[in-house]
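Chain by chain, the residues run as shown.
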Amino acid sequence: MTDDELTKEDLHKSEMLIKEQESRLREMQEKQAFLEEELTKLEQELQKVELQLSEGKERNRLLDQASQAQEAWARKAECREEKEQENAFKLVTKRETRYISYSNIIYFEARDKKIFMRLKHQEICFYSTLGNLEKELPEEFIRCHKSYIINSTYIRELDWAD
């Protein structure tokens, strides 16, 4: 194979990966919109129940309805949290465990025996190796260099000239 054929093949693979990621992103956005709509409905229902309670009508029945609405809201919140955790990088420190959405991570860089995770407006430093990260990150993350793993959803253009 010539270099041009390899380049075309690599470009084609990158384009396919980008299309795949765009499809997954649309799917996640649709799920998010659905969950937000359900949450809005639950909040509206809860407001109605609270209003009826304040008016003093059928107190016991309304308390039961409010309890059911709160349970439903809690279940939705648990589902939303699980969904967020599925699509998030788990960062465990001595003080806390944080879940950082994969969509907010631009790249990981190995530097000074630490990993620097670059987000849109922040950089977070922690101890690990790129090899360990490679194993746990989803396929949209690509190790493009011995010191970098990038989020391919942030690739806008490839310049093969250099």
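Residues numbered from 1 in each chain as written. Predicted model: local features only at pLDDT ≥ 70, side-chain atom pairs only at ≥ 80, totals over all residues. Heavy atoms only, no water.

(A) Representation of the sheet that holds strand β3 (residues 105-111) within the structure. Strand order in the open sheet formed by five strands is β5-β4-β3-β7-β6, with antiparallel pairing between adjacent strands. Each edge of the sheet is formed by a strand with only one pairing partner; in this case those strands are β5 (123-126) and β6 (141-145). Direction aside, the axes of adjacent strands within the sheet are offset by 20° on average. Relative to β5, strand β4 (residues 114-119) runs antiparallel, the two being bridged by four bridges. Note on β5: the bridge partner recorded for Ile 115 is Phe 126. (Pairing = 2+ DSSP bridges. Helix = DSSP H or I, 4+ residues; strand = E, 2+ residues; numbered from the N terminus. Axes fitted to C-alpha atoms, helices over the stretch in contact; angles between N-to-C directions.)

(B) Region of interest: the pattern of salt bridges. Per the stated rule, a full pass over the model turns up nine salt bridges. Of the charged contacts, one joins Glu 27 and Lys 31 as a salt bridge, the two residues approaching to 3.7 Å between their closest N and O atoms. Taken as a pair, Glu 27 and Lys 31 lie in helix α1 (residues 3-55) at a separation of four residues, close to a single helical turn. Classification of Glu 27 by relative accessible area gives partly exposed; the value is 44%. A salt bridge links Arg 111 to Glu 123; the nearest nitrogen and oxygen atoms lie 3.4 Å apart. Taken together, the positions of Arg 111 in strand β3 and Glu 123 in strand β5 put the pair twelve residues apart, joining distant regions of the chain. You can call Glu 123 partly exposed: its relative accessible area is 35%. Linked through salt bridges whose partners overlap, the residues forming this network are Arg 24, Glu 139 and Glu 140. (Salt bridge = Lys/Arg side-chain N within 4 Å of Asp/Glu carboxyl O. Buried < 20%, exposed > 50% of the residue type's maximum accessible area, 1.4 Å probe, protein only.)

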